[in-house]
Amino acid sequence: MNNLTNKRILLGVSGSIAAYKSPDIVRRLQDLGAEVRVIITTGGREFVSELSLQTISKNKVHDNLWDKEAELAMGHIELAKWADAVIIAPASANTIARLCHGKADDLLSTVILATNASVLIAPSMNQQMFASKAIKENLKILNNRGVVTINPGFGEQACGDVGEGRLAEPEEIAKQVANMFSDSALSGRKVLITIGGTIEAIDPVRYISNHSSGKMGMALAHACIQAGAETTLIIGSISVEIEKRAEVIYITSANEMFNAVMKKIENQDLFISCAAVADFRPTKISHNKIKKDGKLAVIELTKNKDILESVCKLKNKPVCIGFAAETENFLANARAKLKNKKCDAIILNDISNSDIGLNSDENEVHFISQEKTEKIDKSSKQIIAEKIIKKVTKYFF
Ligand code: PMT
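Residues numbered from 1 in each chain as written. Predicted model: local features only at pLDDT ≥ 70, side-chain atom pairs only at ≥ 80, totals over all residues. Heavy atoms only, no water.

Colleague: Just give me the short version of the sheet that holds strand E2 (residues 35-40), but keep the residues and values in it.
Modeller: Backbone-to-backbone hydrogen bonds join strands into a sheet, with any given pair of strands oriented parallel or antiparallel. Ordered in space as E2-E1-E3-E4-E5, the five strands form an open sheet in which the pairing is parallel. With partners counted over all chains shown, the strands left at the sheet margins are E2 and strand E5 (148-149), one partner each. Relative to strand E4 (residues 118-123), strand E3 (residues 85-91) is paired through five bridges, and the arrangement is parallel. Looking across to E4, one finds that alanine 85 is bridged to serine 118. On the sheet, helix H1 (residues 22-31) packs against strand E1 (8-13), E2 and E3 and is oriented at approximately 170° with respect to E1. The sheet contacts of helix H10 (residues 170-180) involve E1, E3, E4 and E5, and relative to E4 the element is tilted by about 160°. (Pairing = 2+ DSSP bridges. Helix = DSSP H or I, 4+ residues; strand = E, 2+ residues; numbered from the N terminus. Contact = heavy atoms within 4.5 Å. Axes fitted to C-alpha atoms, helices over the stretch in contact; angles between N-to-C directions.)

Colleague: Tell me about the nonpolar core, and please be specific about residues and values.
Modeller: Counting residues in hydrophobic clusters, the biggest one holds 33 residues, and the most contacted among them are Ile193, Leu220, Ile272 and Ile388. Among the secondary structure elements, those contributing two or more residues to this core are strand E8 (190-195), helix H11 (215-226), strand E11 (230-235), strand E13 (270-273), strand E16 (319-326), strand E17 (345-350), strand E18 (362-369) and helix H15 (381-396). Looking at this core, the element that brings in the most residues is H11, giving eight residues. Counting 31 residues, the second-largest nonpolar core is a separate cluster that includes Ile9, Ile40, Val61 and Ala168. (Core = buried A, V, L, I, M, F, W, Y, C linked by side-chain atoms within 4.5 Å. Buried < 20%, exposed > 50% of the residue type's maximum accessible area, 1.4 Å probe, protein only.)

Colleague: Residue-level account of the packing of H1 against helix H3 (residues 50-57), with values.
Modeller: Interhelical geometry of H1 versus H3 gives an angle of 10° and a closest axis separation of 9 Å. Taken as axis vectors, H1 and H3 run roughly parallel relative to one another. Residues Ser22, Pro23, Val26, Arg27 and Gln30 of H1 touch H3, and the partners they reach there are Ser52, Leu53, Ile56 and Ser57. Of the residues contributing to the contact of H1 with H3, the split by class is four nonpolar, four polar and one charged. (Parallel < 35°, antiparallel > 145°, perpendicular 65-115°, else oblique. Nonpolar A, V, L, I, M, F, W, Y, C, P; charged D, E, K, R; others polar.)

Here is the structure:
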């Protein structure tokens, strides 16, 4: 089993009968070497005593967002920063819904909003509740934000029902928390990812760009960080929350992205070119706003440098993964890009379908290397990213 030596785990205990198992979860996390602090919600207190959790965790249990003394000692922001991982076990239906909505009206929900750490939730509730559409959709939303679910078990429940909804066993919960920190192939590796669209100015007001939201690239950033990589992001125009645990470099144009990548590429182990880089830029950027009654009819364009191709040509190149955004002749076009740009693998996505690819929450891709082509079925971009990173580590590290 992997261990949690030197890891600081914040355990959130919410209102479910399974909260009585939370002292055992603290124990199992400690067995793996973790230091554990506990936050208990109002509901959680109905099912387990604060004293038990305090005695076992050997730390004061945190329960009140408005406690002035606690704020002086370790307030919600300190707790959020302290944690290497936050695990909510048990996570009640109510807590899951509140996380989904980004509520900040108690200590646990506020800490979740304020933390950079990985968040895991172990749902526990009646089987019918767990099967409900609302819970399934809430979990999907949280998973898309990078929250990891520790699936509940199947069996007899406290209410007498039989089904899926029992809190996972404390040992299993501790194991899954430890797995988050396990020595994966990217542990200690450096990863550079380009994300989003580039903006090519026409004049001080207008520009040429594209619809890239940054969702796919940011999901890859989550996946690399979860796999232990030291991750740097070169970010263009995006409309997605930034992964706070990565080093971030902001750029605007394709030229700026090229320069930023080249400055950072030395010593990288993996380069993922997910950005939608403009192939062309206006040859001249007008200093003044172009008047609509002027003579301009045509914008002359100049080809931008191909960043991925340039990285692939470097003497000590990292493993290079490109993307192919295609609207037709999908496999043939993607394989041609793999060959021409000489990258190690290319991820093909269909951007003509508005349900997947560009600016959508889901994607469906083909992972294409010299040796094989594998389809990754339609799923959230987070799940797609995790599957891509698993393949990259399996084939190239
Ligand atoms: O950001 P989202 O809304 O989540 O959408 C994700 C995405 C559709 C943008 C992403 O999955 C994707 O496909 N990114 C690549 C977009 C693209 O520019 O594809 P391309 O087929 O034109 O380029 C091929 C590869 O060369 C890409 O890895 C691209 O980053 C790279 N390239 C292209 C041009 C250029 N001048 N320099 C490059 O490095």
